[in-house]
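Observations on the model geometry
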Amino acid sequence: MGLKDENLTLMRKYGIKAQKKYGQNFLINEEVLDKILKSADIKNEDLVIEIGPGLGNLTKRLCDKAGEVVAIEIDKEMANILTQEYENLHNLHIVNMDVMKCNLSEIINEYPNLTVKVVANLPYYITTPIIMKLLEEEYDIKLIEVMVQKEVANRLCAKPGTSDFGAITLAINFYTNIDYIVTVPAKDFLPAPNVDSAVTRMEIVKNKIEVEDKNLLFSIIKASFLMKRKTLLNSLGSAKILGIDKASLGNILEKLNIPQNVRAENLSIEDFNRLTSEYIKISKDKGIK
Ligand code: SAM
């Protein structure tokens with residue numbers, strides 16, 4: 001029996017349907033599942049946190065390879081099905097909870113000797129908040145390997161100067177080294193969603209960018225992308241962060257050898273970091289005067 005039939009049989013057995021509100025599209029292509037496991041390089045020394053195990057298509061494979069698997073599932077019925085169907089998997093721990101409300105540090109601290117990897121076929125309605133939670137809360141995680149909507153994957157992996165490049169790309173580049181692993185067509189899911197998907201792998205690099213003030217860096221990035229069609233001088237200049245207006249910003253750009261007509265999507269995370277350092281320098285000078 002293929003995965004599609006297995007999943008249909010399971011749903012019939014428990015009298016449930018895939019719930020749209022929870023983004024339940026089950027991955028039924030075994031080759032893609034193998035590819036995810038391979039590129040996440042799951043080993044016995046790993047604690048895998050799976051977000052949204054659903055009917056367990058990925059979960060049981062993770063349990064085969066990992067030391068321990070903690071699977072966080074919002075849907076009570078799904079969590080109950082997993083508990084019943086996989087009671088023989090002794091390294092599987094099911095947590096029935098909304099991942100956004102979950103204290104992941106508590107889970108991670110329970111397994112101090114294992115390497116933490118997050119592996120998931122993410123629910124699309126909440127992809128970006130989940131990824132940002134995993135990055136911003138700076139957990140001790142080594143790798144995030146996630147299936148997301150293809151358009152989102154393109155944005156996460158975008159290069160400066162392309163139309164997909166945005167504030168989220170810069171956040172990803174701040175915390176991780178990212179790779180686009182594989183495109184996954186809609187037909188590989190049950191039920192098939194309206195869009196294609198893609199697997200991305202983010203390797204978390206601690207202190208990748210040496211930064212003086214992270215909050216200021218991200219305020220500058222946010223203000224720069226608020227009016228994407230405008231030049232940086234117009235968007236960031238009119239935000240007047242730390243009182244720095246268009247004229248002072250023009251001087252900073254000149255000092256950094258950045259063209260005056262540059263747009264936010266042309267600057268890398270390193271460029272934004274240099275810009276932030278200049279903001280700090282000017283505000284300190286102003287303070288001294
Ligand atoms: N991992 C399964 C697979 O690949 O077949 C299911 C993936 S499905 C795209 C997303 C799963 O995430 C569903 O099981 C859904 O119930 C669960 N989910 C949705 N929102 C969640 C949340 N906030 N916290 C935890 N799980 C969530």
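Note that residues are indexed from 1 along each chain, following the sequence as it is written. Reporting in this predicted model follows two pLDDT cut-offs: at least 70 for local features of residues, and 80 or more for side-chain atom pairs to be given and counted; totals over whole chains, interfaces and linings ignore these cut-offs and use all residues. Hydrogens are left out, water is left out, and the side-chain values use all remaining heavy atoms of the structure.

1. Some thoughts on the environment of tyrosine 22
Selection criterion: A helix here means a DSSP run of H or I that spans at least four residues, while a strand means a run of E at least two residues long, and both kinds are numbered starting from the N terminus. The classification of residues rests on relative accessible area computed with a 1.4 Å probe and restricted to protein chains. Under 20% of the type maximum is buried, over 50% is exposed, and intermediate values are partly exposed. Here, two residues are considered to be in contact whenever any of their heavy atoms come within 4.5 Å of each other.
Take tyrosine 22: it is sitting in the loop between α1 (3–14) and β1 (26–27). The exposure class assigned to tyrosine 22 is partly exposed, which follows from its relative accessible area of 22%. The sequence separation of tyrosine 22 and tyrosine 125 amounts to 103 residues, and the corresponding C-alpha distance is 7.7 Å. Discounting residues that sit within four places of it in the chain, tyrosine 22 has contacts with Ile74, Asp75, Pro123 and Tyr125.

2. So, the domain arrangement of the protein chain
Put simply, the rule reads: Bear in mind that the domain bounds are from an automatic or database domain assignment. What gets called buried area is simply the loss in accessible area from a 1.4 Å probe that two parts show on being joined, summed for both.
Each assigned domain of the protein chain is listed here: domain 1 (3–204) and domain 2 (214–285). With centres defined by C-alpha atoms, the gap from domain 1 to domain 2 works out at 35 Å. Contacts between domain 1 and domain 2 engage 14 residues on the former and twelve residues on the latter. Surface buried jointly by domain 1 and domain 2 totals about 940 Å² across both partners, of which 69% is contributed by carbon and sulfur atoms.

3. Regarding the sheet that holds strand β2 (residues 46–51)
Put simply, the rule is: Strand pairing is assigned whenever DSSP identifies at least 2 bridges connecting the two strands. Axis angles are defined between N-to-C directions and span 0 to 180 degrees, where every axis is a line fitted to C-alpha atoms and, for a helix, only to the segment in contact.
Overall, mixed pairing links the seven strands, which are arranged β4-β3-β2-β5-β6-β9-β7 in an open sheet. The outermost strands of the open sheet, each flanked by one partner alone, are β4 (92–96) and β7 (176–184). Ignoring strand direction, the axes of neighbouring strands in this sheet form an average angle of 20 degrees. For strand β3 (residues 68–73) and β4, the ladder comprises five bridges, and the chain directions are parallel. Looking at β4, one finds that valine 70 is bridged to histidine 93. Packing of helix α4 (residues 76–85) onto the sheet brings it into contact with β3 and β4, and relative to β4 it is tilted by some 160 degrees.

4. Focus on the packing of aromatic side chains
We apply this condition: Note on aromatic pairs: the rings of Phe, Tyr and Trp (six-membered ring only in Trp) are paired at centre separations within 6.5 Å, and the planes decide the class, stacked below 30 degrees, edge-to-face beyond 60, tilted for the rest.
Under the counting rule described, the total for this entry stands at four aromatic pairs. Ring geometry for phenylalanine 225 against phenylalanine 272: centres 6.3 Å apart, planes inclined by 35 degrees, an arrangement best described as tilted. One end of the pair, phenylalanine 225, is in helix α9 (residues 214–226); the other, phenylalanine 272, is in helix α12 (residues 269–288), and 47 residues separate them in sequence. Grouping residues by exposure puts phenylalanine 225 and phenylalanine 272 together as buried.

5. Regarding the site of the ligand
Here is the rule we go by: Only a single heavy atom is needed: when it lies within 4 Å of a molecule or strand, its residue is near that molecule or strand. Residues adjacent in sequence count toward polar contacts only when both atoms are side-chain atoms; beyond that, a polar contact is any pair of N or O atoms within 3.5 Å, and within protein one must be able to donate a hydrogen and the other to accept it. Note on areas: these come from Shrake-Rupley sampling with a 1.4 Å probe, and a residue is covered only by the protein chains present in the view. Residues are grouped as follows: nonpolar covers Ala, Val, Leu, Ile, Met, Phe, Trp, Tyr, Cys and Pro; charged covers Asp, Glu, Lys and Arg; every other residue, Gly included, is treated as polar.
Neighbouring residues of the ligand: 21 residues in total, closest Gly52, Glu73, Asp98, Asn121 and Tyr125. At 2.8 Å from a nitrogen atom of the ligand is found a main-chain nitrogen or oxygen belonging to glycine 52. The contact in question runs from an oxygen atom of the ligand to an N or O atom on the side chain of asparagine 121, over 2.8 Å. For the ligand, the protein covers 99% of the area, taking 600 Å² as the surface of the free molecule. Its residues assigned to classes, the shell around the ligand shows eleven nonpolar, seven polar and three charged.

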